[in-house]
Amino acid sequence: MLKKFLKKNSELVVMLHQLEPVLAQRNRIGYVAARNYRILSDALIEYNQFKNELIEKYGTPDKAENGTELPTASIKVGSPQFKSFCDEMAQYNNIEQQVELMTVKYEDTVGVLSGEEILSIDWMLED
């Protein structure tokens, strides 16, 4: 069954990460999780592009163990630029969008998923 969700980008990111523990399932749950993961990833393309641009703007280049700079950058929570990054990122975090995701019956999770896994994807489950 399909269900529509109207969520902020920041909430979609959380939902995306909540799917990761069940992606390895080789059953209906894994199939639905993989499909929903793809849909959420696609919905967040522009959001992630803006986030990466801001990380490049406010972050510092990553370095290899030998000290050479890598082509990637990161920003640390305690860095002086982190607040500026968060302030600018807030406008993208709060943008709402609607996604249509598949759901699975709770009964399909019995004996297949742990309680932790069930709780993490509760939004994807229905009676």
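Just above, that's the structure.
Criteria and thresholds
- Residues numbered from 1 in each chain as written.
- Predicted model: local features only at pLDDT ≥ 70, side-chain atom pairs only at ≥ 80, totals over all residues.
- Heavy atoms only, no water.
- Helix = DSSP H or I, 4+ residues; strand = E, 2+ residues; numbered from the N terminus.
- Rg over C-alpha atoms; globule rule 2.2 N^0.38 Å.
- Buried < 20%, exposed > 50% of the residue type's maximum accessible area, 1.4 Å probe, protein only.
- Contact = heavy atoms within 4.5 Å.
- Areas by Shrake-Rupley, 256 points an atom, 1.4 Å probe, with all protein chains shown as cover.
- Core = buried A, V, L, I, M, F, W, Y, C linked by side-chain atoms within 4.5 Å.
- Axes fitted to C-alpha atoms, helices over the stretch in contact; angles between N-to-C directions.
- Parallel < 35°, antiparallel > 145°, perpendicular 65-115°, else oblique.
- Left-handed = near helix turned anticlockwise from the far one by under 90°.
- Salt bridge = Lys/Arg side-chain N within 4 Å of Asp/Glu carboxyl O.
- Arc of directions from axis to C-beta.
- Expected span 1.5 Å × (residues − 1).

Caption draft 1: Local environment of the overall build of the protein. Along the protein, the regular secondary structure elements total 5 helices and 6 strands. Along the chain direction, N to C, the helices and strands of the protein fall in the order β-α-α-α-β-β-α-β-β-α-β. Taking 2.2 N^0.38 as the reference for a compact globule, 127 residues should give roughly 14 Å; the C-alpha atoms of the protein span a radius of gyration of 18 Å, well beyond that estimate. Along the first, second and third principal axes, the C-alpha atoms of the protein reach 50 × 35 × 20 Å. Each of the 127 residues in the protein was classed as buried or not, and the buried ones make up 32%. Look at the contacts in the protein between residues 6 or more apart in sequence, and 65% of them connect residues 24 or more apart. Of the roughly 8,100 Å² of accessible surface on the protein, 52% is carried by carbon and sulfur atoms.

Caption draft 2: Representation of the nonpolar core in the model. Of all hydrophobic cores here, the largest spans 31 residues; its most connected members are Leu 40, Val 99, Leu 101, Trp 123 and Met 124. Those elements giving two or more residues to this core turn out to be helix H1 (9–19), helix H2 (28–43), helix H3 (45–58), helix H4 (82–93) and strand E4 (96–102). With 6 residues, H2 is the largest single contributor of residues to this core. Once residues lying within four places of it in the same chain are set aside, the contact partners of Leu 101 are Met 1, Leu 2, Lys 3, Phe 5, Met 15, Arg 35, Asn 36, Ile 39, Leu 40 and Trp 123.

Caption draft 3: Representation of the packing of H1 against H2. It is at 9 Å that the axes of H1 and H2 come closest, and there the two elements cross at 150°. Compared by their axis directions, H1 and H2 come out roughly antiparallel. Considering the relative orientation of H1 and H2, their crossing is left-handed. Across from Leu 12, Met 15, Leu 16 and Leu 19 in H1, the residues of H2 making contact are Ala 33, Asn 36, Tyr 37, Leu 40 and Ser 41.

Caption draft 4: Looking closely at the pattern of salt bridges. Scanning all chains against the criterion turns up 5 salt bridges. Linking Asp 42 and Arg 38 is a salt bridge whose minimum nitrogen-to-oxygen distance equals 4.0 Å. Remark: Arg 38 and Asp 42 occur in helix H2; sequence separation between them is 4 residues, near one turn of the helix. Of the charged contacts in the structure, one is a salt bridge between Lys 105 and Glu 126, with a shortest N-O distance of 3.9 Å.

Caption draft 5: Spotlight on H1. What H1 keeps buried is the set Asn 9, Leu 12, Val 13, Met 15, Leu 16 and Leu 19. Mapping the buried residues of H1 onto a view down its axis gives an arc of 165°, with all of them on the same face. The elements touched by buried residues of H1 are strand E1 (2–8), H2, H3, H4 and E4.

Caption draft 6: Structural detail: H3. Between its first and last C-alpha, H3 extends 20 Å over 14 residues, near the 20 Å set by a 1.5 Å rise per residue. Buried residues of H3: Tyr 47, Leu 54, Ile 55 and Tyr 58, and no others. Angular distribution of buried residues about the axis of H3 spans 105°; they occupy a single face of the element. When the buried face of H3 is taken as reference, the exposed residues oriented beyond 90 degrees from it are Glu 53, Glu 56 and Lys 57.

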